[in-house]
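One-letter residues, chain by chain:
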Amino acid sequence: MDTKDPGRTAQLELIIGARMRTRRRQMGLSQSDLAERLGVSFQQVQKYERGANRVAASTLLAAAQALGTSISWLVGEEHSGRDDDDDVFRALARPGALEILQAFNAIPEARTRAALLALAREMAAQGSA
């Protein structure tokens, strides 16, 4: 990574933060829970997750251990073969996104899921108009 490119560095902080938030929420941990495991305040966890503060290497290691993942996954080095992984994790890091996905997946009827998807797309189209 080119550490002299502030744009690339800021992008990495956003990626790490989005992945931390997604994994934390996936595990059912609050920001306070993760903060306790890392030995920082929950406000600091908020800053990490927003990409506002850089995560020190030692904290990154502790976060990976606390979240049951690897550092390479947190920094986006382990990919599933998709180029848009980072966009997906950023989207899932938005408040409520993971809950919407979990609720969507819990709907047993394909027709009902399709109706909900159509409604969400209509609402998104109205919001951008």
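Our structure is the block above this text.
Everything in this summary refers to the structure shown in the same document. (Residues numbered from 1 in each chain as written. Predicted model: local features only at pLDDT ≥ 70, side-chain atom pairs only at ≥ 80, totals over all residues. Heavy atoms only, no water.)

**Details of the packing of helix α2 (residues 31-38) against helix α4 (residues 57-66)**
A pair of packed helices is characterised by two quantities: the angle between their axes and the separation of those axes. For the pair α2 and α4, the least separation of the axes is 9 Å and the interaxial angle reads 125°. On the basis of their axis angle, the class for α2 and α4 is oblique. Helix-helix and strand crossings are classified by hand; for α2 and α4 the assignment is right-handed. Here Leu34, Arg37 and Leu38 of α2 come into contact with α4, specifically with Thr59, Ala62, Ala63 and Ala66. Looking at the contact of α2 with α4 residue by residue, the classes come out as five nonpolar, one polar and one charged. (Axes fitted to C-alpha atoms, helices over the stretch in contact; angles between N-to-C directions. Helix = DSSP H or I, 4+ residues; strand = E, 2+ residues; numbered from the N terminus. Parallel < 35°, antiparallel > 145°, perpendicular 65-115°, else oblique. Left-handed = near helix turned anticlockwise from the far one by under 90°. Contact = heavy atoms within 4.5 Å. Nonpolar A, V, L, I, M, F, W, Y, C, P; charged D, E, K, R; others polar.)

**Describing a nonpolar patch on the surface**
Together, Leu116, Leu119 and Met123 line one region of the surface with nonpolar side chains, adding up to about 290 Å² of accessible area. Within the secondary structure, Met123 is located in helix α8 (residues 110-128). (Patch = residues over 30% accessible without salt bridge, like charges linked within 9 Å, V, L, I, M, F, W, Y side chains within 5 Å. Areas by Shrake-Rupley, 256 points an atom, 1.4 Å probe, with all protein chains shown as cover. Salt bridge = Lys/Arg side-chain N within 4 Å of Asp/Glu carboxyl O.)

**Let's talk about the nonpolar core**
Counting 21 residues, the largest nonpolar core has Ile16, Met20, Leu34 and Leu74 as its most contacted members. When residues of this core are traced back to their parent elements, those giving at least two are α1 (6-26), α2, α3 (42-50), α4 and α5 (71-74). Not counting residues within four places of it along the chain, the set of residues in contact with Leu74 comprises Ile15, Ile16, Arg19, Met20, Leu60, Ala63, Ala64, Leu67 and Thr69. (Core = buried A, V, L, I, M, F, W, Y, C linked by side-chain atoms within 4.5 Å. Buried < 20%, exposed > 50% of the residue type's maximum accessible area, 1.4 Å probe, protein only.)

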